[in-house]
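# Coordinate inspection notes
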Amino acid sequence: MKLYISRIILGVFLLSIQFIFAQNLSKNQFKVKGNCEMCKERIENTAKKAGAKTATYSIDSQTLIIETDNNASSEEILEKVAEAGHDNEKFKASAETYEALPGCCHYDRNLQPQTIDNHENHAKKENEFYVKGNCESCKARIEKAAKDAGADSAEWNAERQIVTINFDSNKTSSDKILKKIAEVGHDNEKYKSSDNTYKNLPSCCLYDREIPFGEANPKVHAEEGNSSENTDHADHHEAGENHGSHEKNIEGVTVNGSKAATSLKKEAGLIFNIDKKELLKAACCNLSESFETNATVDVSFSNAVTGTKQLKMLGLDQKYTSLTKELLPEIRGLASAYGLNFIPGRWIESIQLTKGGSTVTNGYESITGQINTELLKNAEKPETSLNLFSDFNGRAEANITSVSPINKKWSQTFLLHGNGTFGDTDMNDDGFLDRPKGTQLNAAYLLNYNDLDNSGLGSHFGINFIKDERTSGQIGFDKKVPQEKQSLYGVGIDISRFQVWNKTGYVFKGKPYQSLGWMNQYSFHQQDSFFGLRNYSGKQQTYYSNLIFESILGNTNHKYKAGASFMYDGYDETYLTSTIKRNEIVPGAFAEYTLTGLKYTLVAGARVDFHNLAGTQFTPRLNFKYDFTPQTILRLSAGRGFRTANIFAESQQYFASNRSIQILQNGGNIYGLRPEIAWNYGASLQQEFKLFGRKSTVVADFFRTDFQNQVMVDLDRSPQQLTFYNLEGKSFANSFQTQWDFIPFKNFEVRLAYKYYDVQADYLDGRREVPFMAKHRGFVNFAYSTNKNSKGGFWSFDTTLNAVGKQRLPNTSSNPAEFQLPSYSESYAVLNAQISRNFNKKIRAYLGGENLTSYYQKNAIVDVKNPFGNYFDGGMVYAPIMKANFYVGLDVTF
């Protein structure tokens, strides 16, 4: 018994000593600059040698937490840390010491020590109090609780983590208000919420309870998603970006956009966001050239006469990807062949790229994914930019963009683009132009209204007009002379296009999670064209409307969207002497449910569309994301899509040939064919880790597309025939991609990717690989930039290598030997590079080269010397048709 009592007394004594000792320790947190694990070790060891009892440095938050006793001061410790080479909020390292650090430790010194800790700039006022939270739901809950406790007004700021309250001290007190805020689940500087209340908050509201008051909440300040770009480098690519702006988003009605770097969003679907800074790494004259530094999308020439480019994703043609602008239908129908040229690169603010089935709210046509383009429309101050571009082979263009606020609620954007190709480019000396000559005039006006924070209303209006005229064919061809009156072969393509659209949204007062959005668009597209002695013309009028309501079931863990859509397409086409008219009328309804847990997100949606020609179509889609850890993320998806094939417009790359068109009808209502229907399944794994003390990300994904029905484009039955018919049997595409993004050292980014495609279909005479699809592709992108100088100037260097494996070519064995193609093409590689110089925040010049390996398809046109003969074919293109091409450009911002 005595021994037992003695042990108790001894234990109490030891605890008392530890308590007394702990009471004499002081724990403090300071801003210290560093880059990597070597920095972390150096900073912590220096702090301990200088007298700190404990020292913990965080590379991510750039903070040092130290415990000291009365024998050491934090100021002495920070002075020693600076002497070791690390700037901090009290002291700055000498230039000699900094330069002597290893290269991987050279952190950005642009942020001076005296400005690192900016709490003084945001000093709290008497009526301001620290309150923790994450999102708009937190904001509504905090402000409501404050008013319920007697506050006359309350406004919570997510970035500062501060609530500003005004109240009558005779009726209530700050103490009562903060206590009420804690009772609804939000820790503050006076009261802490109970564990049960905190845990019952929706998952999106579960803030980090360990972050000290006054420190930034990473869930608020971090961009949505995981940047695959180094932030410093991303900032370098475009001076003057407003990285602090937020996004006010009603489904389909984005009034203000956030400035994200190229990133993989942390959503259920596999969605990449490509910012305009990424687009500056290449020539990017239009949307078809916007994916040169992106490994997901394959871009290739589809015709050696017209020089058109097409996108491919998940091993399938562009037509199976939903291409939208401002979340409205864009490149589809008659615009399929040339629509990529109608969105200038300098007009683009961002691109959202979804792999696999996208949300049902955006329609039924997505099978392999969606590519959505957002135009420039956000500015806190007026900004006008001029871009001039010219290559060394007679192509020139000019862009003028002007984005300006009219007042606090209204802003406007003027977009003007003009381009012309005036030189005769024939690098393979076959007598045919490698790309068309001609001009394009493209103008748009956008008007935005944003009063979401007050009245809850937001609206976006746009209008766009395009006039594009192109001439191609043999050098010397005169477009003014009818084809039948001259011996030279020519191609003429004239396109006029007009669009007007509006997106209006309303956020319900006091319910930031509940909104209503309505989108409407009218498009008119006309094409008049000829390919030698063949003529093709078409008109398309489209009206699209989409109404979306979004709210929650109980709390924001359970969200839902529901709505209705309407699509009208009026087609009037003429090919040779045949005229084909049809009207497609498609009313539809949809619903989507999102379940959010602590580690998972499930998005399940379905829509039903009543197509007057294709019948009733049911389109379910499912996306699931599970976070094993914040760095290890699994995504699964499955979905169905359907579309109606526009066989003439989508096959124009084969019109510059001798092939006759044959349609094997089977009773369908569209060209006598049934609609295309496919299922897409996907899985991806994302892993983040530190490499050299810097963020590194690996993403591996596999997608399979199975067609229930497909309109086959058969080039193999005869070299003199192009045959269309519905699938009888199986058609599938397997796509595997792995991509690794990492930063070996400061400002140097590396992106590596490998893709494998297995695309096969049952044609009338058996199963074959789909032509013009390489099984193996490799991708390498290097990007480096220097540090900015005092005027904001810096250099950028970017280079991209695409390695393309062999591709199956259409069967031409029945041609004479000299006009036969091999069964498979050669493998080849294409190298692009660009050097740019930002002289300051206003002026940027760049010089670049495309296809620097100069690999080109030497016999791109079959029987090139006899374009009116039986064997002439300009559609057998598997590689570039131009050698190395150099360009220069200038950007000036006013």
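An account of the accompanying structure is given in this report. Here the structure is a predicted model, which means the values were calculated and not measured.

## Some remarks on the packing of helix 2 (residues 37-49) against helix 3 (residues 74-83)
- It is at 9 Å that the axes of helix 2 and helix 3 come closest, and there the two elements cross at 140°. If you check the angle between helix 2 and helix 3, you find them oblique. When you trace helix 2 past helix 3, the crossing you get is right-handed. In contact with Ile 43, Thr 46 and Ala 47 of helix 2, helix 3 contributes Ile 77, Lys 80 and Val 81.
- Split by residue class, the contact of helix 2 with helix 3 holds 4 nonpolar, 1 polar and 1 charged.

## Description of unusual backbone geometry
- Located in the positive-phi region is Gln 161, a residue other than glycine, with phi close to 55°.
- Along the chain, the position of Gln 161 falls in the loop between strand 5 (153-157) and strand 6 (162-166).
- Unlike most non-glycine residues, Cys 284 shows phi in positive territory, near 45°.
- Along the chain, Cys 284 turns up in the loop between helix 11 (276-279) and strand 12 (298-301).
- Using a relative accessible area of 2% as the deciding quantity, one classes Cys 284 as buried.

## Here's the deal with the nonpolar core
- Counting residues in hydrophobic clusters, the biggest one holds 51 residues, and the most contacted among them are Phe 531, Tyr 536 and Ile 647.
- Elements supplying a minimum of two residues to this core: strand 24 (490-507), strand 27 (555-575), strand 36 (721-726) and strand 42 (828-838).
- Setting aside anything within four residues of it in sequence, one finds Phe 531 in contact with Thr 306, Tyr 338, Tyr 489, Gly 490, Val 491, Ile 493, Tyr 536, Gln 652, Phe 655 and Ala 656.
- Ile 348, Trp 501, Tyr 544 and Phe 703 belong to the second largest nonpolar core, which has 43 residues in total.

## Considerations on a nonpolar patch on the surface
- A surface patch of nonpolar side chains, amounting to about 430 Å² of accessible area, comprises Phe 392, Leu 847, Leu 852, Phe 886 and Val 888.
- Position of Val 888 relative to the elements: it lies in strand 44 (residues 885-893).
- Judged by its relative accessible area of 35%, Val 888 is partly exposed.

Reading guide: rules and limits
Residues numbered from 1 in each chain as written. Predicted model: local features only at pLDDT ≥ 70, side-chain atom pairs only at ≥ 80, totals over all residues. Heavy atoms only, no water. Axes fitted to C-alpha atoms, helices over the stretch in contact; angles between N-to-C directions. Helix = DSSP H or I, 4+ residues; strand = E, 2+ residues; numbered from the N terminus. Parallel < 35°, antiparallel > 145°, perpendicular 65-115°, else oblique. Left-handed = near helix turned anticlockwise from the far one by under 90°. Contact = heavy atoms within 4.5 Å. Nonpolar A, V, L, I, M, F, W, Y, C, P; charged D, E, K, R; others polar. Buried < 20%, exposed > 50% of the residue type's maximum accessible area, 1.4 Å probe, protein only. Core = buried A, V, L, I, M, F, W, Y, C linked by side-chain atoms within 4.5 Å. Patch = residues over 30% accessible without salt bridge, like charges linked within 9 Å, V, L, I, M, F, W, Y side chains within 5 Å. Areas by Shrake-Rupley, 256 points an atom, 1.4 Å probe, with all protein chains shown as cover. Salt bridge = Lys/Arg side-chain N within 4 Å of Asp/Glu carboxyl O.

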